[in-house]
Amino acid sequence: MRVSVIHTADDIVREHIVNKSVVMFDILRASSTISTALANGCQEVIPVVEVDEALAIASRLPEDTCILGGERSAVKLPGFHLGNSPLEYTPEVVAHKTVILTTTNGTKAIRRAAGEDGVVLIGSLLNYSAVAHKLFAAEQDILLACAGTRGKFSLEDTFAAGLVVAELVQLWYSRHNAAPEESCSPQADPVPIYAEEVPVLPENGLLLEDAAVAALRLAEAYRHKPLRALYDALHGQKLAQMGLSIDLNFCAQLNLYDVVPVYREGKITCL
């Protein structure tokens, strides 16, 4: 099992995703919003790149069955029901509904990570352990694809990817060395990983590429203070300055959900 990390959606090419389990991270805020909507009973999320595409899809669905959600530069789109705050996607609003979502980075990253006909899991701090367990059970090479922010490295997305890497390593130790299974959370330190065992654990067949090791070390630095990671991130600072600190507090929660959203054939549902 080879684990790779890509830091921006713009860096994804076909060779990166073929025959791999792929996860997309856009912690602030698309992947957190998608996970929350599905956890709160949303029937499906349709991620689209352009506003016109979202409006066209909505026009073909019965009005009382769909919700338009989206933002540009963190501001709700005119005429849309909701923006991109997970706190808007409550059970009362989204239960049994189709959400059509378009965002600045996240929905584009999902479509790019999927390629023409691929499958992509959606990861966040809210569900990283559930995602890691699905990846481990699949026993395929893994690509952790960070959306990034406007084509640049995003600290919060890489932090979340690193938490998944840490959980995968612990699962490998649990399977092969009978080590107690622990979660990389504020309450539990991960099983120690020593320099000679990274990036390759040869006896187990687990290989972490350098970017995966870097993400792992970032996760170790922030795992006890996830909210600090979001405030250290440039995009997190922007949201705070816009009065959206409440979203940072929500998105910083670890393993709030056990849902694993999966994108396939143009729609996101629970795996």
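Residues numbered from 1 in each chain as written. Predicted model: local features only at pLDDT ≥ 70, side-chain atom pairs only at ≥ 80, totals over all residues. Heavy atoms only, no water.

### A word on the side chain of N40
As for its position among the elements, N40 is in the loop between α2 (30-39) and β3 (44-47). Excluding residues that lie within four positions of it along the chain, N40 makes contacts with Y89, T90, P91, V94 and A95. (Helix = DSSP H or I, 4+ residues; strand = E, 2+ residues; numbered from the N terminus. Contact = heavy atoms within 4.5 Å.)

### A closer look at the nonpolar core
V3, L135, L144 and L208 are the most contacted members of the largest nonpolar core, which totals 51 residues. Among the elements that take part in this core, helix α7 (residues 155-177) stands out by supplying 13 residues, more than any other. Formed by 28 residues, the second largest nonpolar core is a distinct cluster that contains L101, A109, I110 and A145. (Core = buried A, V, L, I, M, F, W, Y, C linked by side-chain atoms within 4.5 Å. Buried < 20%, exposed > 50% of the residue type's maximum accessible area, 1.4 Å probe, protein only.)

### Regarding helix α8 (residues 210-222)
Taking 1.5 Å of rise per residue, 13 residues should cover 18 Å, and α8 covers 19 Å from first to last C-alpha, within 8% of that figure. Those residues of α8 not exposed but buried are A212, V213, A215, L216, L218, A219 and Y222. (Expected span 1.5 Å × (residues − 1).)

### Overview of the environment of D26
The topology assignment puts D26 in the loop between β2 (20-25) and α2. Placed 132 residues apart in sequence, D26 and T158 show a C-alpha to C-alpha distance of 9.4 Å. Once residues within four sequence positions are removed from consideration, D26 is found in contact with S31, S32, N105, G106, G123, A147 and D157. A polar atom in the side chain of D26 sits 3.1 Å from the backbone nitrogen of G106. (Polar contact = N/O pair within 3.5 Å; in protein donor to acceptor, adjacent residues only side chain to side chain.)

### A closer look at the pattern of salt bridges
In this structure the tally under the stated criterion is 8 salt bridges. In this structure, the salt-bridge partner of E53 is R111, at a minimum N-O distance of 3.5 Å. Taken together, the residues E53 in helix α3 (residues 51-59) and R111 in helix α5 (residues 106-114) connect sequence positions 58 residues apart. Residue classification places R111 among the partly exposed residues on the basis of a relative accessible area of 29%. (Salt bridge = Lys/Arg side-chain N within 4 Å of Asp/Glu carboxyl O.)

### Let's talk about the pairing of strand β8 (residues 141-146)
Among the 6 residues in β8, 5 count as buried, and that is most of the element. The pairing of strand β1 (residues 2-6) with β8 spans 4 bridges and is classified as parallel. Pairing of V3 across the sheet is with I142, part of β8. Bridge count for β2 against β8 is 6 bridges, and the pairing is parallel. Along β8, the bridge assignment pairs K20 with D141. (Pairing = 2+ DSSP bridges.)

### Things to note about the layout of surface pockets
Roughly 350 Å³ of volume is contained in the largest pocket. Taken together, 21 residues line the largest pocket, and the ones lying closest to its centre are N105, T149, R150, H235 and K238. Counting residues per element, the ones that place at least two in the lining of the largest pocket are α7 and α10 (234-241). Considering every element that reaches the lining of the largest pocket, the biggest residue donor is α10, with 4 residues. Considered class by class, the residues forming the lining of the largest pocket number 7 nonpolar, 7 polar and 7 charged. A volume near 170 Å³ is recorded for the second largest pocket. If you go around the second largest pocket, you meet 14 residues; those closest to its centre are I17, V18, A114, G118 and V119. Classifying every residue of the lining of the second largest pocket gives 7 nonpolar, 3 polar and 4 charged. (1 Å grid on protein atoms, 1.4 Å probe; cavity = no way out; pocket = protein on both sides within 12 Å on 5 of 7 lines; lining within 4 Å. Points joined across faces, edges and corners; volume = space filled by probe spheres on them. Nonpolar A, V, L, I, M, F, W, Y, C, P; charged D, E, K, R; others polar.)

These figures capture arrangement, not role.
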